[in-house]
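Residue-level structure breakdown
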Amino acid sequence: MELKDIGNTPLVELATLCANGNRVFSKCEYLNPSGSHKDRTYLNIINRLEEAGTISPGMTLVDSSTGNGGAALAWIGRLKGYKVKVFMPEGMTEERKIQIRSYGAEIVETPREFFLQGAVRRAKDYVLKTSSKDCYCLDQSNSLLNKEGWIVCGNELVKQLSMQNVVPDFFVCSIGTGGTFSGIAEVFKQAYSGIKTIALEVSNSAPLFAQRNNLAFNHQPHNLMGLGAGVISANTDPGLIDEISVIDGADAWPRMKQFIESEKLPIGPTCGANLLMCDEIVKLFQNKNIVTLFFDSSWKYASRWDGFYPEYGEVRHVTGRDL
């Protein structure tokens, strides 16, 4: 695999979801070289920083991740000649850690109590304390180069939909850093005046849902890694979100497994979250076109196939002051 193999992923119609005249399509981002959508994110961030002269091969690139981003960064970093250090919350799947290390990157596990926010803080602190021009924190959550990388995917989708004479009525996408949703939604809003965008958060950590509904927000542990960091990142553009809904991990995992059995596509549990919302739209509407994404691959979760992360079964609530 080479860097040119990132992107141009297939758009597939999901036969088992199509009912009441509705059609459901998904962009298969799990087919990117490292097995997830994060290849697009880091390729754009690194390319743009190189063009600006901010980073160059030989430096150490640092970031935080629950796994997919770390693997993408490690793989791209190796090909481009960088050292990579990934700060990761305790308890992530063994498959993700093995993959990251196989690309030559170093993993620093951070305390589970602070989940991803703790890993973010540790990554930034490491670079500050290093005080070296040869070490740079990419900060995928807050760098708008994240969102920018997804404009390309949005344009790919418009082209693929056009080739099938399909005009989408709904765009459904779960939110982690928000870059994926916002980049694609921005393109869709420009291309399709009537489209409705639906963003999803995990029910145990849904700050945007809480904000829109005037609810108190408390981050709680959950089993949809990659979602629900407990903050609204700079890459999440609320103005592009028509509706925000929540999905429970207890429902997303079995939906993923059911889909794998019926459609034979090896997707991960956050893809199951997207499917649950697509199911709801298909029940409520007729003759609509729905577009979603499959973020990552099921093999990344083999060691936690029951959907249980014991490290996050009983974790005390923490606030920003604890970090």
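Everything numeric in this text was worked out from a predicted model, so none of it was measured.

**Points about the nonpolar core**
- Counting residues in hydrophobic clusters, the biggest one holds 71 residues, and the most contacted among them are Ile-267 and Phe-294.
- No other element matches helix H9 (residues 269-284), which puts eight residues into this core.
- Each of domain 1 (3-36 + 150-304) and domain 2 (38-137) contributes no fewer than three residues to this core.
- The residues contacting Ile-267, other than those within four sequence positions of it, are Tyr-30, Met-256, Phe-259, Ile-260, Leu-275, Phe-294, Asp-296, Ser-297 and Ser-298.

**Brief notes about the sheet that holds strand S5 (residues 106-110)**
- Taken together, four strands build an open sheet; the order of strands is S5-S4-S3-S6 and the sheet is parallel. Here the strands that pair on one side only, and so sit at the sheet edges, are S5 and strand S6 (135-137). On average, adjacent strands in this sheet sit at an angle of 20° to one another, irrespective of strand direction.
- Where strand S3 (residues 60-64) and strand S4 (residues 83-89) come together, five bridges link them in parallel fashion. What sits directly across from Asp-63, in S4, is Val-86.
- Each of S4 and S5 is contacted by helix H3 (residues 94-102), which is oriented at about 145° to S5, the strand it contacts most.
- With respect to the sheet, helix H4 (residues 115-130) is in contact with S3, S4, S5 and S6, its orientation differing from that of S4 by roughly 145°.

**A closer look at helix H1 (residues 38-51)**
- Between the first and last C-alpha of H1 there are 20 Å, a value that for 14 residues agrees with the 20 Å anticipated at 1.5 Å per step.
- Across the 14 residues of H1, ten count as buried, placing the element largely inside the fold.
- Listing the buried residues of H1 in full gives Lys-38, Asp-39, Arg-40, Thr-41, Tyr-42, Leu-43, Asn-44, Ile-45, Ile-46 and Leu-49.
- In the core, the buried residues of H1 are packed alongside strand S2 (23-28), S3, helix H2 (68-80), S6 and helix H5 (145-163).
- Positive backbone phi, at 80°, marks Gly-53, one or two positions downstream of H1.

**Topic: the confidence of the model for the chain**
- Within the chain, residue pLDDT values average 94, and 97% of them lie at 70 or more.
- In the predicted structure, residues 314-323 sits below a pLDDT of 50 and forms 17 contacts with residues beyond four places in sequence or in another chain.

**Things to note about the packing of aromatic side chains**
- Enumeration over the complete set of coordinates arrives at nine aromatic pairs.
- Plain terms: the ring middles of Phe-188 and Tyr-192 are 5.6 Å apart, the flat faces sit at 65° to each other, and that makes the pair edge-to-face. The two residues Phe-188 and Tyr-192 agree in class, both being buried.
- Among the aromatic side chains, those forming a connected cluster through ring pairs are Phe-171, Phe-181, Phe-188 and Tyr-192.

**What about the domain arrangement of the chain?**
- You can read the domains of the chain as domain 1 (3-36 + 150-304) and domain 2 (38-137).
- For domain 1 versus domain 2, the distance between C-alpha centres works out to 24 Å.
- Approximately 2200 Å² of surface area, both sides summed, lies buried where domain 1 meets domain 2, with 55% of it carried by carbon and sulfur atoms.
- Counting across the domain 1 and domain 2 interface gives three salt bridges.

What counts and how
- Residues numbered from 1 in each chain as written.
- Predicted model: local features only at pLDDT ≥ 70, side-chain atom pairs only at ≥ 80, totals over all residues.
- Heavy atoms only, no water.
- Core = buried A, V, L, I, M, F, W, Y, C linked by side-chain atoms within 4.5 Å.
- Buried < 20%, exposed > 50% of the residue type's maximum accessible area, 1.4 Å probe, protein only.
- Helix = DSSP H or I, 4+ residues; strand = E, 2+ residues; numbered from the N terminus.
- Domains from an automatic or database assignment.
- Contact = heavy atoms within 4.5 Å.
- Pairing = 2+ DSSP bridges.
- Axes fitted to C-alpha atoms, helices over the stretch in contact; angles between N-to-C directions.
- Expected span 1.5 Å × (residues − 1).
- pLDDT = per-residue confidence, 0-100.
- Phe/Tyr/Trp six-rings, centres within 6.5 Å; stacked < 30°, edge-to-face > 60°.
- Buried area = accessible area lost by both parts, 1.4 Å probe.
- Salt bridge = Lys/Arg side-chain N within 4 Å of Asp/Glu carboxyl O.

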